[in-house]
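# A closer look at the structure
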Protein chains: 2
Amino acid sequence: MTEITLFNKLLSKNDRIAQEIREYLHDRNILSVNMIGSPGSGKTSLLEAMFTRIGGKYTSAVIEGDVKTNNDMLRIQAAGIPAVQIQTDGACHLNAEQVKNMLSQLPVNDIQLLIIENVGNLICPVAYDLGEDIRTVVVSVTEGEDKPLKYPSAFMSAGVLIITKIDLAPYVDTQPDALKSNALSINPNLKVIMTSAKTHAGIDELTDFLFSHNTNSDR
Amino acid sequence: MTEITLFNKLLSKNDRIAQEIREYLHDRNILSVNMIGSPGSGKTSLLEAMFTRIGGKYTSAVIEGDVKTNNDMLRIQAAGIPAVQIQTDGACHLNAEQVKNMLSQLPVNDIQLLIIENVGNLICPVAYDLGEDIRTVVVSVTEGEDKPLKYPSAFMSAGVLIITKIDLAPYVDTQPDALKSNALSINPNLKVIMTSAKTHAGIDELTDFLFSHNTNSDR
């Protein structure tokens, strides 16, 4: 078997399980979001800010993905949100089977939103459908304006771009608008939200966007 | 063939070519450095600052690795340094064969230092020896203190940790010393250099360190 044949076989298995997850979550009116971004792009801080803002208004759960540690799970739990951790022990992305195995550990009958925070990586997670409804790519202004051009697949496959750490824009050479323009040149259909976990800029916009997509958000 | 068998076969081929590169470069007294870091960790800016500081004092060349674009090659060439670009077109790391194929395009009889800037990724490049003498892991203070704990392999396999963007430390919650301590808890043998491409802090220390390792640096 060649490398490409093997990869296609793995992906085809992954896609099948992802579809099972999607149906399982839809049956329970749960909106799921797959967050993809580099290490340190601010994914967990963004979630902490979001959960601080929404308080008890909506019900959510989080699946955390990391190569090692359960630090991020503990941070989300400290924010009062049910969370579980997948440690990939070397692998650079989550796969659908790992996500499926976690569902029984989450309060799936009581949540409206499931966030899956992928392993910090702007390349590998792209090929793996996790059964999500919305894929977001997360990029901080400190990473530079050119990231959409250098890592186009993540931006092509996402529906939403969350630009983080806009409070740091005055101290770096990145113009958030230039980062946004570069992303839209790769994928003109991206919904772009500018955020700061520190000042809470854009967090309400993000929350409103996510929960407006959940058909069950009024229950 | 299983996935693991296939991966081991690929790695064994890679290791063989990496050894050829190492011998080829040693025959010419060229020190080679493999730079591994997340997207936006500041690898190219660090090189620009280094080449600005050393001017014509030493002779260098750069191999740039990216999924897409030759932006970084153009930035290094603009600094007056010979540079070539490898575009991996999806792959999340460079391999030794790609590096070997580039050597004929570089002035290998006139350089003392070859820098290989890997694809922006803190996971995949770790398994691939590129024939380097020194492996550096590059992390910016904006990525957070916990990255060595969450991505330990890169820190375990490196000899040098370059902490970048220390000028931004006052604006983020990261203490550079805590980042350093976490890295040393993973690999106590790491040489740690704190840098800022903006203020040029630590750039001379980095240059002195690299060229002190080159037996031919006085020619």
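Up top is the structure these notes are about.
Everything numeric here is computed off the predicted structure, so don't read it as measured data. (Residues numbered from 1 in each chain as written. Chains lettered and ligands numbered in written order. Predicted model: local features only at pLDDT ≥ 70, side-chain atom pairs only at ≥ 80, totals over all residues. Heavy atoms only, no water.)

In this section: the packing of aromatic side chains. By the definition in use, this model includes 5 aromatic pairs over all chains. Their ring planes at 10° and their centres at 3.6 Å tell us that Tyr58 of chain A and Phe211 of chain A sit as a pair that is stacked. With Tyr58 of chain A in the loop between helix 2 (43-54) and strand 2 (60-66) and Phe211 of chain A in helix 8 (residues 203-212), this residue pair connects regions lying 153 residues apart in the sequence. When its relative accessible area of 17% is taken as the criterion, Tyr58 of chain A is described as buried. Here the guanidinium or amino end of Arg28 of chain B rests over the ring plane of Tyr24 of chain B, the centre of that ring lying 3.8 Å away. (Phe/Tyr/Trp six-rings, centres within 6.5 Å; stacked < 30°, edge-to-face > 60°. Helix = DSSP H or I, 4+ residues; strand = E, 2+ residues; numbered from the N terminus. Buried < 20%, exposed > 50% of the residue type's maximum accessible area, 1.4 Å probe, protein only. Lys NZ or Arg CZ within 6 Å of the ring centre and 35° of its normal.)

This brings us to the sheet that holds strand 3 (residues 83-87) of chain B. All names here are of chain B. In space, the 7 strands of this open sheet follow the order 3-2-4-1-5-6-7, with parallel pairing throughout. Strand pairing shows two members of the sheet lacking a second neighbour, strand 3 and strand 7 (191-194), which therefore form its edges. This sheet shows a mean twist of 20° between the axes of neighbouring strands, independent of strand direction. Strand direction decides the pairing type here: strand 2 (residues 60-66) and strand 4 (residues 113-117), joined by 5 bridges, are parallel. Each residue of the ladder has a partner; that of Ala61, found in strand 4, is Leu114. Packing of helix 3 (residues 71-78) onto the sheet brings it into contact with strand 2, strand 3 and strand 4, and relative to strand 3 it is tilted by some 175°. Sheet strands in contact with helix 7 (residues 176-186) are strand 5 (134-140), strand 6 (160-164) and strand 7, and its direction is about 165° off that of strand 7. (Pairing = 2+ DSSP bridges. Axes fitted to C-alpha atoms, helices over the stretch in contact; angles between N-to-C directions. Contact = heavy atoms within 4.5 Å.)

With an RMSD of 0.0 Å, the operation that places chain A on chain B is a rotation of 180° combined with a shift of 0.0 Å along the axis. With respect to symmetry, the two chain copies, as superposed, fit the operation of a two-fold axis. A share of 97% of the interface residues of chain A reappears at the interface of chain B, consistent with the copies meeting face to face through the same patch. (Least-squares fit on C-alpha atoms with pLDDT ≥ 70 in both.)

So, about the sheet that holds strand 5 (residues 134-140) of chain A. Each strand in a sheet pairs with its neighbour through backbone hydrogen bonds, running either in the same direction (parallel) or in the opposite one (antiparallel). Residue and element names in this part refer to chain A. Read from one edge to the other, the open sheet built from 7 strands follows the order 3-2-4-1-5-6-7, with strand pairing classed as parallel. Edge strands, defined here as strands with exactly one partner in the open sheet, are strand 3 (83-87) and strand 7 (191-194). When strand polarity is set aside, the average angle formed by the axes of neighbouring strands in this sheet is 20°. On top of the sheet, helix 3 (residues 71-78) reaches strand 2, strand 3 and strand 4 (113-117); it is set at about 175° to strand 3, its chief contact.

All right, on to the state of the cysteines then. Residues and elements named next belong to chain A. Per the counting criterion, the structure on display carries 2 disulfides over all chains. One disulfide bridge connects Cys92 with Cys124, the sulfur atoms lying 2.4 Å from each other. Because the sign of the S-S torsion sets the handedness, a value of about -100° for the bond joining Cys92 and Cys124 places this disulfide among the left-handed ones. Taken together, the residues span a long stretch of sequence, with Cys92 in the loop between strand 3 and helix 4 (96-102) and Cys124 in the loop between strand 4 and strand 5 at a distance of 32 residues. Of the residues examined, Cys92 reaches a relative accessible area of 13% and is grouped as buried. (Disulfide = S-S within 2.5 Å.)

A word on the interface of chain A and chain B. Across the contact, 38 residues belong to chain A and 37 residues belong to chain B. In this assembly, chain A packs against chain B so that about 2,900 Å² is buried in total across both faces, 59% of it on carbon and sulfur atoms. Counting the surface chain A buries against chain B, the share from its top three residues, Pro39, Lys150 and Tyr171 of chain A, is 20%. Counting across the interface, chain A meets chain B through 6 salt bridges. Residue Lys150 of chain B is joined to Asp66 of chain A by a salt bridge in which the shortest nitrogen-to-oxygen separation is 3.5 Å. (Buried area = accessible area lost by both parts, 1.4 Å probe. Salt bridge = Lys/Arg side-chain N within 4 Å of Asp/Glu carboxyl O.)

Here we come to the side chain of Thr207 of chain A. Residues and elements named next belong to chain A. Here Thr207 shows up in helix 8. We classify Thr207 as buried; its relative accessible area is 3%. Polar side-chain contacts of Thr207 include one of 2.8 Å to the backbone oxygen of Ile203. In contact with Thr207, other than residues within four places in its own chain, are Met50, Ile54 and Tyr58. (Polar contact = N/O pair within 3.5 Å; in protein donor to acceptor, adjacent residues only side chain to side chain.)

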